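Chain by chain, the residues run as shown.
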Amino acid sequence: MRSGPRQVWSRGALLGALAVMSACGDDAVTTIDPSSTESATEGSSSTAGSSTTTTTTTTATTTDGSSTSASSTTTTTTTTETTTESSSTGPGPVCGDGVVGPGEACDDGNADDTDACTSACEDATCGDGLVQAGVEECDDGDADDTDACTSACKNAVCGDGLVGPGEACDDGNQVDDDGCTNACALASCGDGVIDVGEECDDGNPDDTDACTSACKNAVCGDGSVQAGVEECDDGNPDDADACTNACEDAKCGDGIVGPGESCDDGNMIDDDECTNACALASCGDAKVQPGEECDDGDEDDTDECLSTCKAAICGDLAVQAGVEECDDGNQIDTDACVMCKAAKCGDMAVQAGVEECDDGNQVDTDACLSSCKAAQCGDAKVQAGVEECDDGNQVDNDGCTNACTLPKCGDGVLQAPELCDDGNNVNADTCSLLCHKSPKSIPLSAGQATSTYGGGGGAPFDLACPVGQVLIGFNGRSAGYVDQLAGVCGTLAIGVAADAFVVKVTPAGNLQAVGGGGGGPFNSLCPADQVIVGFSGRYGGYVDAIRFSCAPLQINEDAMGFKISVGAVTNLTQYGGNGGAPIPQTNCPGGQVANRKVGRSGGYVDNFGLGCATVGLAF
């Protein structure tokens, strides 16, 4: 049995079927049965009708014998054409099969409507409603040049010569100052483009810049204040109001008599007829004009400028506050107002009936006290060069006498620390020139004994002058030894020589002689008014030789009073032999004199020394 022709799908048809299946989803299966598949056979016909939602299985057989199936549940309305082929040579042409068949302008085998061949197998053209990629910017399928897509399939833009959406005009050029701007707007003042009839156009409504909102260049007098250029602009030619014709705020000094001004000479000279405050010059206007000494602008006569425009001065009868205490208008310095100051002590003007003097200073040591009283003893002020002191009282024995002199020895006034003051210039009377009481006598007190020299033979002796007497020399006998010694005593008394106190010595008697009667006699006495203070010589078992030393007693006075002391030592002649060893110079201790002799004696003076006494003064 002869079978019918086999269904063969071109690649384009197969891809189309697959696209349908993909669009329908994974849950639908479309089966194309050979018995229900559109086919064209020789002498056959196909009829297609409408169908409702069904589940079908579509099988497509490819040229290589394989088949592809897909299932789908969909609602499909299919309109088919019945074609009767009288030819029996093969299947008919299909758009999309990649073969340009009868009635097709092209067939690129795809369903892409953006390439040169549409899915309807027509050549892509401007106006077909399909945007051809790389060729057309748009394609709205009409010939309207006023919408967003022109009839040339271009996006409508300003400058394309077509008045499109949002455009008031489009002259297709880049000339900005013709009737249509480059922004496709009709030219107008404020569009930022200077058009015919406009002097300027800065595109803003600001009337304070160089271009007004009327597109006119800003000028003085246009009634608008140009910022940074004009201070004001009242739009009128009146030069005497608050805004001048130069568009400046009217002010004093601009040379124009403006509101509130009496004059305006346009200069900064304040002492001419028109002041810098633009007021006519007058006394009291606070401006010094010719003929005025000052002008402080007030009627106060107590300041430095009078209401008459005269400088305030002492003597003008007006008391200047803070400067003058008074002003009596005269030059009299002995009244209550002196040089415009209230008269007072220290102003160097002696106020009649009030002051004794006035030397203008606060020095109380000159002839005029700071109280303007004449200086005098007893005013408690020490007048330099006149008074030594001034304690302001009549007590004569305090630190300042009633004669305003400092206390001193000899002024006849007993002041501490004086012991006396006889007010004379005699020193050696009962009161010295240093105001010390004069010494009356020279008492003696027990002192110390010197060392003794010699042997231990003979009997001891210790013989002293009577009380108040001292040794003033020795009488004796000697040869190879000192055979005998007898002390000579004298009394001490205070005398006067050349208005000074001196010590007088008067011989009074001899002490008992000690020793034997051998040898020859000698007499060893101190010079007048001197006393024995020491001895020297030679000694062995006996006193081989002796020499006595004498010194005067001196009375001296210092700030502490009178003192007595031993003066320079004088050595007398040595008597005896040359045997034995030397006796060193042996003196009474300092400040003491000899008043007794001590030692041992027999046929000779075996041993010898001195007993001493301390001298003093009694008053």
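Residues numbered from 1 in each chain as written. Predicted model: local features only at pLDDT ≥ 70, side-chain atom pairs only at ≥ 80, totals over all residues. Heavy atoms only, no water.

(A) Inspection of the overall build of the protein chain at higher detail. Summing up its helical and strand segments, the protein chain has one helix and 24 strands in all. Across the 619 residues that make up the protein chain, the buried fraction comes to 32%. The long-range share in the protein chain, meaning contacts at least 24 apart out of those at least 6 apart in sequence, stands at 42%. Accessible area of the protein chain: about 32,600 Å², with a carbon and sulfur share of 53%. (Helix = DSSP H or I, 4+ residues; strand = E, 2+ residues; numbered from the N terminus. Buried < 20%, exposed > 50% of the residue type's maximum accessible area, 1.4 Å probe, protein only. Contact = heavy atoms within 4.5 Å. Areas by Shrake-Rupley, 256 points an atom, 1.4 Å probe, with all protein chains shown as cover.)

(B) Fine view of the pattern of salt bridges. Tallying each qualifying case throughout the model produces five salt bridges. Asp 462 is paired through a salt bridge with Arg 596; the nearest N and O atoms lie 2.9 Å apart. Taken together, the residues Asp 462 in strand 11 (residues 459-464) and Arg 596 in strand 23 (residues 592-601) connect sequence positions 134 residues apart. Residue Lys 504 is joined to Asp 529 by a salt bridge in which the shortest nitrogen-to-oxygen separation is 3.7 Å. A residue pair is termed long-range when its members are at least 10 positions apart, and Lys 504 in strand 14 (residues 500-510) and Asp 529 in the loop between strand 16 (520-525) and strand 17 (530-539) qualify at 25 residues. Taking relative accessible area as the criterion, Asp 529 reaches 26% and is therefore assigned partly exposed. (Salt bridge = Lys/Arg side-chain N within 4 Å of Asp/Glu carboxyl O.)

(C) Quick peek at the pairing of strand 23. With respect to burial, strand 23 is a largely interior element, eight of its ten residues being buried. Direction of pairing for strand 11 relative to strand 23: antiparallel, over a ladder of six bridges. If you follow Pro 460 over to strand 23, its bridge partner there is Arg 600. Two successive antiparallel strands, strand 23 and strand 24 (residues 605-615), enclose a turn made up of three residues. (Pairing = 2+ DSSP bridges.)

(D) The arrangement of the side chain of Asp 285 in detail. Tracing the sequence through the fold places Asp 285 in the loop between strand 6 (83-84) and strand 7 (337-338). For Asp 285, the side chain forms a polar contact with the main-chain nitrogen of Ser 282, separated by 2.5 Å. Setting aside its immediate chain neighbours within four residues, Asp 285 contacts Thr 275, Leu 280, Asp 295 and Gly 297. (Polar contact = N/O pair within 3.5 Å; in protein donor to acceptor, adjacent residues only side chain to side chain.)

(E) Seen up close, the packing of aromatic side chains. Summed over the entire model, instances satisfying the criterion amount to twelve aromatic pairs. Judged by centre distance (5.4 Å) and plane angle (80°), the ring pair of Phe 535 and Phe 608 falls under edge-to-face. Of this pair, Phe 535 sits in strand 17 while Phe 608 sits in strand 24; the two residues are 73 residues apart in sequence, bridging distant segments of the chain. Across this residue pair, the class does not change: Phe 535 and Phe 608 are buried. Pairing Phe 548 with Phe 608 gives two aromatic rings, centres 6.0 Å apart and planes at 80°, and the pair type is edge-to-face. Of this pair, Phe 548 sits in strand 18 (residues 543-558) while Phe 608 sits in strand 24, and the two are 60 residues apart along the sequence. Accessibility assignment for this pair places Phe 548 and Phe 608 in one class, buried. One aromatic cluster in this structure is built from Tyr 453, Phe 474, Phe 535, Tyr 539, Phe 548 and Phe 608. (Phe/Tyr/Trp six-rings, centres within 6.5 Å; stacked < 30°, edge-to-face > 60°.)

(F) Examining the nonpolar core more closely. In terms of nonpolar packing, the biggest core is built from 27 residues, with Leu 471, Leu 485, Phe 548 and Phe 608 touching the most fellow members. The contact partners of Leu 485, leaving out residues within four places of it in the chain, are Phe 474, Asn 475, Gly 476, Gln 512, Ala 513, Val 514, Phe 522, Ile 546, Phe 548, Lys 597, Val 605 and Phe 608. Core analysis: the next-biggest nonpolar cluster, separate from the first, contains 19 residues, Val 488, Ile 555, Phe 562 and Val 593 among them. (Core = buried A, V, L, I, M, F, W, Y, C linked by side-chain atoms within 4.5 Å.)

(G) Main features of the state of the cysteines. On inspection of all chains with the given rule, the structure shows 25 disulfides. A sulfur-sulfur distance of 2.0 Å marks the disulfide that ties Cys 200 to Cys 211. Here Cys 200 and Cys 211 share a disulfide; its torsion about the S-S bond, 95°, makes the bridge right-handed. With Cys 200 in the loop between strand 6 and strand 7 and Cys 211 in the loop between strand 6 and strand 7, the pair connects residues that are eleven residues apart, well separated along the chain. (Disulfide = S-S within 2.5 Å.)

(H) Fine view of the environment of Asp 529. As a C-alpha pair, Asp 529 and Ile 472 span 57 residues in sequence and 8.5 Å in three-dimensional space. There is a polar contact of 2.8 Å between the side chain of Asp 529 and the backbone nitrogen of Val 505.

(I) Local environment of the environment of Leu 617. Examined against the element boundaries, Leu 617 turns out to sit in the segment after strand 24. Linking Leu 617 and Ser 441, residues 176 residues apart in sequence, is a C-alpha distance of 5.8 Å. Beyond its immediate chain neighbours, meaning those up to four positions away, Leu 617 contacts Pro 439, Ser 441, Ile 442, Pro 443, Ile 494, Ile 555, Phe 562, Lys 563 and Ile 564.

(J) Summary view of unusual backbone geometry. The peptide bond linking Ala 416 to Pro 417 adopts the cis configuration, its omega dihedral lying at 5°. Summarising the element assignment, Pro 417 is placed in the loop between strand 8 (341-342) and strand 9 (444-449). Positive phi, normally seen in glycine, also occurs at Met 348, with a value near 70°. When you line up the elements, Met 348 lands in the loop between strand 8 and strand 9.

(K) Looking closely at the side chain of His 436. Among the structural elements, His 436 can be located in the loop between strand 8 and strand 9. Polar side-chain contacts of His 436 include one of 3.2 Å to the backbone oxygen of Ala 559. Contacts of His 436, omitting those with residues within four sequence positions, involve Leu 419, Cys 420, Thr 430, Cys 431, Glu 557, Asp 558, Ala 559, Met 560, Gly 561 and Phe 562.

(L) The arrangement of the environment of Cys 372 in detail. Checked against the element boundaries, Cys 372 lands in the loop between strand 8 and strand 9. Once the C-alpha coordinates of Cys 372 and Glu 355 are considered, the two residues, 17 residues apart in sequence, prove to be 5.7 Å apart. Once residues within four sequence positions are removed from consideration, Cys 372 is found in contact with Cys 345, Gly 346, Glu 355, Glu 356, Cys 357 and Asp 358.

(M) Summary view of the confidence of the model for the protein chain. Per-chain confidence: the protein chain averages 85 in pLDDT, with 85% of residues scoring 70 or above. Low pLDDT, under 50, characterises residues 1-88; the stretch is placed with 109 contacts to residues that sit more than four places away or in other chains. (pLDDT = per-residue confidence, 0-100.)

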